[in-house]
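# Per-entry structural report
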Amino acid sequence: MPKRYSKKPAQQQKIAKKRIEFLFRHAKEVFKEDSSISDKYVKMARRIAMKYKIRLPPSLKKRFCKNCHRYLVPGANCRVRIHKHRVIYYCLGCRHYMRHPVK
Ligand SMILES: [Zn+2]
């Protein structure tokens, strides 16, 4: 009978978090050369987060499109506007708006 794991061990989650940070760092670096590789990194980071039930930190959530999951770089493939105390990210890839409240 297979055992059911409701929660992953803390140590594994810690490693997974480091891997996610690593992937986002590299996504940023590689973007200038090939943005499709950045998109792949985002995909991998999301998969790790899902597998280990990790919530992505808000700083990383703003770095990719919620709709098409592409890595976003303001001025390159997304537009950033501030409207009514909110930062609005507009993905140029799929024309999706994301709103983030400002403290
Ligand atoms: Zn998008």
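To be clear, the structure that these remarks concern was listed above.
Here is a short report on the structure shown in this document. What you are looking at is a predicted structure, and each value in this text was computed from that prediction instead of being measured.

## Re the coordination of the zinc ion
A metal bound by six donors in octahedral fashion has ideal angles of 90 or 180 degrees, whereas one bound by four tetrahedral donors has an ideal angle of 109.5 degrees. Around the zinc ion, the protein supplies Cys65 (SG), Cys68 (SG), Cys91 (SG) and Cys94 (SG) as donor atoms, at distances of 2.2 to 2.3 Å. If you look at the zinc ion, its four donor atoms make angles of 107 to 112 degrees with each other, and the shape they trace is tetrahedral. Residue Cys91 is classed as buried on the basis of its relative accessible area of 1%.

## Points about the pairing of strand 1 (residues 78–83)
Where strand 1 and strand 2 (residues 86–91) come together, six bridges link them in antiparallel fashion. From the neighbouring strand, His83 faces strand 2, where its bridge partner is Arg86.

## Some points on helix 1 (residues 10–31)
Given 3.6 residues per turn, any residue in an α-helix points the same way as the ones three and four places further on. Here helix 1 spans 32 Å end to end across 22 residues, near enough to the 32 Å set by a 1.5 Å rise per residue. Those residues of helix 1 that are buried are in contact with helix 2 (35–51) and helix 3 (58–61).

Rules and cut-offs
Residues numbered from 1 in each chain as written. Predicted model: local features only at pLDDT ≥ 70, side-chain atom pairs only at ≥ 80, totals over all residues. Heavy atoms only, no water. Donors = N, O, S within 2.8 Å, 3.2 Å for Na, K, Ca; no water. Tetrahedral: all angles 85-135°; square planar, octahedral: opposite > 155°, others 65-115°. Buried < 20%, exposed > 50% of the residue type's maximum accessible area, 1.4 Å probe, protein only. Pairing = 2+ DSSP bridges. Helix = DSSP H or I, 4+ residues; strand = E, 2+ residues; numbered from the N terminus. Expected span 1.5 Å × (residues − 1). Contact = heavy atoms within 4.5 Å.

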